[in-house]
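# Residue-level structure breakdown
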Amino acid sequence: MAGKDVDSTEVLKAGSAAPSIKRRELVAGLVGLSGAAVAGSALSASTAPQRISLDPTRAPGASTSALGNRAGGEQPKRIPLGIISLTPLQDLHGTITPADLHFERHHAGIPAIEAAQHELLIHGMVERTLKFSLADLKRFPSVTRTCFLECSGNLFTNAPEQTTPQMLCGLTSQSEWTGVALSTLLREVGVRPGAKWLLAEGSDAAVMTRSIPIEKARDDALVVYAQNGEAIRPEQGYPLRLLLPGWEGNTSIKWLRRIEVADQSFMTREETSKYTDPLPDGTARQFSVVMDARSVITTPTYPQHIEKGWQEIRGLAWSGRGRITQVDVSIDAGRSWQPAVLQGPVLPKAHTRFTQPWHWDGQEAEIQSRAIDETGYVQPTAKQLLAVRGPGSVPYHLNPITAWRVAPSGEMFYRGDAWE
Amino acid sequence: MIRPYLQYLLPLALLTVAHNSVAQGKAEFGLGRVVSEAEIAAWDIDVMPDGRGLPPGSGTVAEGAEVYAQSCEQCHGAGGVGGHSGSLVGRLEGDQFPFANDPGIKKTIGNYWPYTTTIFDYIRRAMPADAPGSLSNGEVYGLVAWLLYRNEIVSSDTTLSADNLAEIRMPARDRFVPDDRRGGAVVR
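Small disclaimer: the values here were computed from a predicted structure and weren't measured. (Residues numbered from 1 in each chain as written. Chains lettered and ligands numbered in written order. Predicted model: local features only at pLDDT ≥ 70, side-chain atom pairs only at ≥ 80, totals over all residues. Heavy atoms only, no water.)

## Observations concerning the pattern of salt bridges
A side chain with one charge can pair with a side chain of the opposite charge if their charged atoms come near. In total, this model carries 40 salt bridges over all chains according to the counting rule given. Put simply, Asp220 of chain A and Arg145 of chain A hold a salt bridge, and the shortest N to O gap is 3.6 Å. One end of the pair, Asp220 of chain A, is in the loop between helix 7 (214–219) and strand 12 (222–227); the other, Arg145 of chain A, is in strand 8 (residues 143–150), with 75 residues separating them in the sequence. You'll find Asp220 of chain A and Arg145 of chain A in the same group, each marked buried. Arg233 of chain A is the salt-bridge partner of Glu230 of chain A, the closest N and O atoms lying 2.8 Å from each other. One salt-bridge network, held together by shared partners, links Glu201, Arg257, Arg258 and Glu260 of chain A together with Asp44, Asp46, Asp121 and Arg125 of chain B. (Salt bridge = Lys/Arg side-chain N within 4 Å of Asp/Glu carboxyl O. Helix = DSSP H or I, 4+ residues; strand = E, 2+ residues; numbered from the N terminus. Buried < 20%, exposed > 50% of the residue type's maximum accessible area, 1.4 Å probe, protein only.)

## What about the interface of chain A and chain B?
Taken together, the 69 residues of chain A in the interface contact 54 residues of chain B. Note on chain A versus chain B: buried area summed over both sides is about 5100 Å², and carbon and sulfur give 55% of it. For the interface between chain A and chain B, the tally reads 10 salt bridges. In this structure, Asp263 of chain A engages Arg52 of chain B in a salt bridge whose closest nitrogen and oxygen atoms are separated by 2.9 Å. For the pair chain A and chain B, the number of links is 30 residue pairs in polar contact (both at pLDDT 80 or more). A breakdown of the residues in the side of chain A that touches chain B according to their chemical character gives 28 nonpolar, 21 polar and 20 charged. Bridge analysis of strand 7 (residues 130–133) of chain A against strand 1 (residues 33–34) of chain B gives two bridges, and the strand direction is antiparallel. (Contact = heavy atoms within 4.5 Å. Buried area = accessible area lost by both parts, 1.4 Å probe. Polar contact = N/O pair within 3.5 Å; in protein donor to acceptor, adjacent residues only side chain to side chain. Nonpolar A, V, L, I, M, F, W, Y, C, P; charged D, E, K, R; others polar. Pairing = 2+ DSSP bridges.)

## Observations regarding the packing of helix 3 (residues 61–71) of chain B against helix 7 (residues 137–150) of chain B
Residues and elements named next belong to chain B. In the contact formed by helix 3 and helix 7, the axes pass within 7 Å of each other and the chain directions differ by 100°. Taken together, the axis directions place helix 3 and helix 7 in an arrangement best described as roughly perpendicular. Each of Val61, Gly64, Ala65, Val67 and Tyr68 in helix 3 lies in contact with helix 7, whose residues at this interface are Glu139, Gly142, Leu143, Ala145, Trp146 and Tyr149. Residues of the contact of helix 3 with helix 7, tallied by class, amount to eight nonpolar, two polar and one charged. (Axes fitted to C-alpha atoms, helices over the stretch in contact; angles between N-to-C directions. Parallel < 35°, antiparallel > 145°, perpendicular 65-115°, else oblique.)

## Thoughts on the domain arrangement of chain A
Residues and elements named next belong to chain A. Taken domain by domain, chain A holds domain 1 (79–275) and domain 2 (294–419). Taken over C-alpha atoms, the centre of domain 1 sits 27 Å from the centre of domain 2. With 36 residues of domain 1 in contact, the opposing surface of domain 2 contributes 31 residues. Here domain 1 and domain 2 share an interface that buries about 2700 Å² over both sides, 58% of which is from carbon and sulfur atoms. Looking only at domain 1, the three residues that lose the most surface to domain 2 are Phe148, Leu155 and Glu161, adding up to 19% of its buried area. Taken together, the links from domain 1 to domain 2 amount to three salt bridges. Ionic pairing is found between Glu150 and Arg294, a salt bridge with its closest N-O pair at 2.9 Å. On inspection of domain 1 and its partner domain 2, the count reaches 16 residue pairs in polar contact (both at pLDDT 80 or more). Residue assignment for the side of domain 1 that touches domain 2 shows that the elements contributing at least two residues are strand 8, helix 5 (165–169) and strand 9 (172–181). The dominant element in the side of domain 1 that touches domain 2, judged by the number of residues it contributes, is strand 8, at five residues. Its residues placed into classes, the side of domain 1 that touches domain 2 shows 12 nonpolar, 17 polar and seven charged. (Domains from an automatic or database assignment.)

Below you can see the structure in the form of structure tokens.
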């Protein structure tokens, strides 16, 4: 990082214990030993000794490669916690999540699937029971769509001040997905009259299942085999997953192997025991699948230190019900709000970038964001949510406005709400 | 080359219309392969709330107790309570449903699950977590019988099979309501 500011001759002196090294070039390990900070970032890039040119204009650079790597100092990471891993929202720009940083939620691990052997069975209330190979599916008209995918349990409730956006709500990611419209497959098999629901089933060890209303299947459901231009990752359902834009992630069944068409829902464990929302009136909301509008500031946030003066507040906003129409930002703990700039194109059911200039005067302050979608829904406060849902209605569909506090020192902290 | 086929076009068009009105049309792309009944049966393991899909076989509470002790207890606790992978047993006084107001109350089969068929379906497909799919249908029937017995829903001499499993009413059966969130101004 500091490399560009360090005079090469100085570093050479420090590293002069190795006389065979050419001027302006050093073995990365020696630079590390010399105590100069120059190669600190490069050290982690590769295990092989690497030649670092202190002035990149004075020596030819590296050659081409079969597979690219991230720059040595750029190593964003998911936080893996067993059954979930979280996307590093604060380290990313724009709206696309690199596929290897897409959040994960598995119920029985990631299966190893031989793509050539994998087939999708569609049966039940259909004219033609058929099995489709991956090659078959790729011959159908292809559809590409960019949308977010979010776990409905995407809030770390009662999180401490030392919480990053990643830890707070890193169970949302966005990709450009490619596959075949489920409606196309349903026409191919011929759905019989009276069909109302589908069962989608995965071929992992949980044999994960969810019931999907036929309206959603015909509307915008996709069966996808590609993510951000390449085959989907094993942890995202390779070789095939369902993708239900705007719906809670669990319904987008990974490692999809079977779709059964039926006249009623199947009442699987994931839509009864789990993924239902108890309400204070003694009922529980079921098939609560749409992800309501939400936003989160991704920078500046914990653990950043900011300096007085110009900042750009940046974040993501999204809604499972369509387009984000407005994001408001507050720099005074929610007392007043100003509309942020939305980075277009604003896609429906997609992460949308918002930005807002901020001149920080060095005083204690609190920044917040709130999303508004095309239905007129305004992202609620934690207090509003608690009032209508009750403190025990966890962990699903909690999308409160979240706040970040800056101390006079410039340190940023998460300013959480007590969830009780 | 086109001419000889012209004579077929009109009848074909009429035929398609007729076919559509009866049977939802033909395959558009002709992709995919026909599947045997045996292939479908090998994958078609779901059980619906009205009992469709329940396989042959039967199991008793006593048989279920034995399987539970051997294959489930280490994760779900003795008697179905307190294991690290979640309690399966527990009824609430008067079958109340206070979950939204009290985050401390554990959801169990006895106080939260609306259908018995879900228990069968889930155990057969996903449990035991360290060897999913390893249980016989009879063992699964027995486990469901034992879990219902432990939750004070059936008596200790119960035998379950496709004939009676779906008929058993769960305490939380009427608690579930459709999603009423619709976007718009109201927070629900």
